[in-house]
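Okay, here's what each chain looks like letter by letter:
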Amino acid sequence: MSFYERQDLIEGINNDIKVLVVGCGGIGFHVAKLLAMSGVEYIYCFDPDTLEESNLNRLDITTDFIGMNKADIVKQVVKSLRPNCTVKPFPFPLKDHTYPKGVDWVIDCTDNHEAQLNNQRMAQENGAKYLKAGYDGERMSLNDRVATWDSGDTQDGYRVTPSWAVPAIVIAALAVGKVLKYRDGEMGCHLKDFYNAA
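What you are looking at is a predicted structure, and each value in this text was computed from that prediction instead of being measured.

For the rest of this paragraph, the subject is the packing of helix α1 (residues 28-37) against helix α2 (residues 70-81). Across the interface, α1 lies against α2 with an axial gap of 10 Å and an inter-helix angle of 25 degrees. In terms of their interaxial angle, α1 and α2 are classed as roughly parallel. Of the two elements, α1 crosses α2, and the hand of that crossing is right-handed. Residues Phe 29, Ala 32, Lys 33, Ala 36 and Met 37 of α1 lie in contact with α2, whose contacting residues are Ile 73, Val 74, Val 77, Val 78 and Leu 81.

Our focus in this paragraph is the pattern of salt bridges. The full count for this structure, using the stated rule, is 5 salt bridges. Notably, a salt bridge pairs Asp 60 with Lys 33, separated by 2.7 Å at the nearest N-O pair. You can see Asp 60 sitting in the loop between β2 (42-46) and α2 and its partner Lys 33 sitting in helix α1, a full 27 residues away along the chain. Residue classification places Asp 60 among the exposed positions, given a relative accessible area of 52%. Measuring nitrogen to oxygen at the nearest pair gives 2.9 Å for the salt bridge that ties Arg 121 to Glu 125. Of this pair, Arg 121 and Glu 125 both sit in helix α3 (residues 113-125), 4 residues apart, which is roughly one turn of the helix.

Pairing in this open sheet of 7 strands is mixed, and the strands run β3-β2-β1-β4-β5-β6-β7 from one edge to the other. Two strands close off the open sheet at either side, each with one partner strand: β3 (86-90) and β7 (187-190). Averaged over all neighbouring strand pairs, the angle between strand axes comes to 15 degrees, with direction disregarded. Inspection of the sheet shows strand β5 (residues 129-136) paired to strand β6 (residues 139-143) by 5 bridges, in the antiparallel sense. By the bridge assignment, Lys 132 is partnered in β6 with Asn 143. The strands touched by α3 within the sheet are β1 (18-22), β4 (105-108) and β5, with β5 carrying the most contacts at an inclination of about 155 degrees.

With that settled, the discussion passes to a nonpolar patch on the surface. A surface patch of nonpolar side chains, about 340 Å² in accessible area, is lined by Leu 174, Phe 194 and Tyr 195. As for its placement among the helices and strands, Leu 174 is situated in helix α4 (residues 165-180).

The next thing to look at is the environment of Thr 98. Within the secondary structure layout, Thr 98 lies in the loop between β3 and β4. Apart from the residues lying within four places of it in its own chain, the contact partners of Thr 98 are Phe 46, Phe 92 and Pro 93. Engagement of the side chain of Thr 98 in a polar contact is seen with the backbone nitrogen of Lys 95, the distance being 2.9 Å.

How each quantity is defined
- Residues numbered from 1 in each chain as written.
- Predicted model: local features only at pLDDT ≥ 70, side-chain atom pairs only at ≥ 80, totals over all residues.
- Heavy atoms only, no water.
- Axes fitted to C-alpha atoms, helices over the stretch in contact; angles between N-to-C directions.
- Helix = DSSP H or I, 4+ residues; strand = E, 2+ residues; numbered from the N terminus.
- Parallel < 35°, antiparallel > 145°, perpendicular 65-115°, else oblique.
- Left-handed = near helix turned anticlockwise from the far one by under 90°.
- Contact = heavy atoms within 4.5 Å.
- Salt bridge = Lys/Arg side-chain N within 4 Å of Asp/Glu carboxyl O.
- Buried < 20%, exposed > 50% of the residue type's maximum accessible area, 1.4 Å probe, protein only.
- Pairing = 2+ DSSP bridges.
- Patch = residues over 30% accessible without salt bridge, like charges linked within 9 Å, V, L, I, M, F, W, Y side chains within 5 Å.
- Areas by Shrake-Rupley, 256 points an atom, 1.4 Å probe, with all protein chains shown as cover.
- Polar contact = N/O pair within 3.5 Å; in protein donor to acceptor, adjacent residues only side chain to side chain.

Spelled out as structure tokens, the structure:
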């Protein structure tokens, strides 16, 4: 049985796309991994940050990766799962001069409001669909644009938010589901809403 024999039984999944993941931390790491596991063959990853011990509460990797660039880590992990997947890591921020051509989706997993606005603009200018995936503790959202309520009013636009594995993995899975199958959907909810649904 091939990797995707059972997946191919599900109508409407399109994994013949190129995806750019911006931010390879708690959400972006899992987004890239799940894209590859779903058969997406071209993934571009941008993140200038290095892995810290505090990141490990939401990533299923060992302490051996501490100090390495997050985009490079994504490549190593994805290639170990799907050797045929082309993963291009970029250990710096996404900018106009580094934007890869031919991308179908930009999945923005960053915490910086100004960067999000620029990522959204670059996606639009290059004909890609934009998706902002985020969470704050237990509240999660998937939006086709940068949230208008987020003014980026922190000193550098970056917020240290409460984080744990469950919402990071859930929102990553929902983001991958959106780009592969449920393209028109957006959502915002509290994690507990999944448990209260009847």
